[in-house]
Amino acid sequence: MNGTDFVCQGFSGYDGELITDAIVLGVILCFVGLIESLLTLLLVNDKTESVGDSNRECLGQGTANMVSGLFQTMGGCAMIGQTLINVGAGSRLRVSGVIAAIVLLVTATALPVVLGIIPLGALVGVVIMIVIETFEWRTFEWFFILPWMDSVVIVVVTVLSVVTNLAVGVGVGIGMQALVFSWSASSRAKMAARQVCVCVCVCVCVCVRA
């Protein structure tokens with residue numbers, strides 16, 4: 001086969017299956033990105049003893065992802081590992097995140113050979129340390145304090161997040177927690193109704209005797 005025999009097959013166009021897959025994947029990535037960003041915001045608030053604006057965070061991330069899509073680039077969300085390193089180094093302003101992004105961009109474009117020299121084991125070690133530092137070890141103590149239904153929700157969300165993805169785990173966890181709340185609220189409503197009935201009966205008996 002020579003160069004004249006090769007014909008480049010271009011993009012044939014969009015079809016229903018492709019659009020459906022894109023919508024499903026986009027929704028999943030949207031929820032995963034928002035959840036990770038909000039969890040990162042909560043973690044930073046706990047580390048810095050401050051209060052962040054979740055609405056501003058979601059609006060900024062959504063706008064940036066839409067703009068990146070216009071330029072056919074990959075969107076993103078907050079990075080827990082980089083954020084912890086940044087905060088641990090003493091950063092408290094948003095400009096620190098901008099500087100970190102610029103340095104990463106310059107390093108990836110100007111010094112790709114240097115990045116290729118870094119052993120994969122070193123990167124794995126960094127990720128493992130991030131997991132150790134970000135995991136809430138007091139969760140094991142909470143299992144003996146929290147109601148058993150809340151403990152079940154924690155276990156289910158953790159397993160589903162590992163087996164499937166973060167969006168599925170959190171979605172199922174929200175649904176389970178809503179059912180738990182409904183059950184508890186209905187139980188309290190029944191108790192309140194019984195108390196009201198007892199009070200009414202007592203008042204009726206007192207009035208009749210009077």
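Preceding this paragraph is the structure being described.
Procedures and definitions
- Numbering of residues begins from 1 in every chain and follows the order in which that chain's sequence is written.
- A pLDDT threshold of at least 70 governs which residues receive local features in this predicted model, and a stricter bar of 80 or more applies before side-chain atom pairs are shown or counted, although totals over entire chains, interfaces and linings include all residues.
- With hydrogens and water excluded, all non-hydrogen atoms of the structure serve as input to the side-chain values.
- Helix numbering and strand numbering both begin at the N terminus, where a helix is a DSSP run of H or I of at least 4 residues and a strand a DSSP run of E of at least 2.
- Exposure classes here rest on a 1.4 Å probe applied to the protein chains alone. A residue is buried below 20% of its type maximum, exposed above 50%, and partly exposed in between.
- Between two residues, a contact is recorded if the distance between any of their heavy atoms is within 4.5 Å.
- Note on areas: Shrake-Rupley, 1.4 Å probe, and residue coverage restricted to the protein chains presented here.
- Note on terminology: disulfide denotes any pair of cysteine sulfur atoms within 2.5 Å.
- The convention used is that axes are lines fitted to C-alpha atoms, helices contributing only their stretch in contact, and that angles between N-to-C directions extend from 0 to 180 degrees.
- By the definition adopted for this analysis, an angle is roughly parallel if under 35 degrees, roughly antiparallel if over 145, roughly perpendicular if from 65 to 115, and oblique otherwise.
- Crossings are classed by handedness, with left-handed meaning an anticlockwise turn of the near helix from the far one by less than a right angle and right-handed meaning a clockwise turn.
- Here the term charged refers only to Asp, Glu, Lys and Arg, the term nonpolar to Ala, Val, Leu, Ile, Met, Phe, Trp, Tyr, Cys and Pro, and the term polar to all other amino acids, Gly among them.

Asks: Which parts of the structure should I look at to understand the overall build of the protein chain?
Replies: A tally of helices and strands in the protein chain yields nine helices and zero strands. Overall, the protein chain shows an N-to-C arrangement of helices and strands of α-α-α-α-α-α-α-α-α. Put simply, the protein chain has 210 residues, and 12% of those count as buried. In the protein chain, the proportion of contacts linking residues at least 24 apart, taken out of those at least 6 apart, comes to 52%. In the form shown here, the protein chain has an accessible surface area of approximately 16300 Å², with 73% of it arising from carbon and sulfur atoms.

Asks: I'm lost on the state of the cysteines in this one. Help?
Replies: Note on terminology: disulfide describes a covalent bond linking the sulfur atoms of two cysteines. Using the criterion set out here, one finds zero disulfides in the structure. There is no disulfide at Cys58, and the cysteine sulfur nearest it, in Cys30, is 8.8 Å away. Judged by relative accessible area, which is 26%, Cys58 ranks as partly exposed.

Asks: Please clarify how the side chain of Asn45 should be interpreted in this entry.
Replies: For Asn45, the position within the fold is in helix α1 (residues 16–48). With sequence-adjacent residues up to four places away left out, Asn45 is seen in contact with Ser50, Val51 and Gly52.

Asks: Help me understand the side chain of Ser151, please; the structure alone is not making it clear to me.
Replies: By the element assignment, Ser151 lies in helix α8 (residues 148–163). For Ser151, a relative accessible area of 8% translates into the label buried. Not counting residues up to four positions away in its chain, the partners in contact with Ser151 are Phe143 and Leu146.

Asks: How do you make sense of the packing of α1 against helix α2 (residues 54–70) when you look at a structure like this?
Replies: Axis separation between α1 and α2 bottoms out at 10 Å; the angle between their running directions is 140°. Between α1 and α2, the crossing angle belongs to the class labelled oblique. In this structure, α1 crosses over α2, and the sense of that crossing is right-handed. Within the contact between the two elements, α1 uses Gly33, Leu34, Ser37, Leu38 and Leu41 and α2 uses Ser54, Glu57, Cys58 and Gln61. The residue inventory of the contact of α1 with α2, partitioned by class, reads four nonpolar, four polar and one charged.

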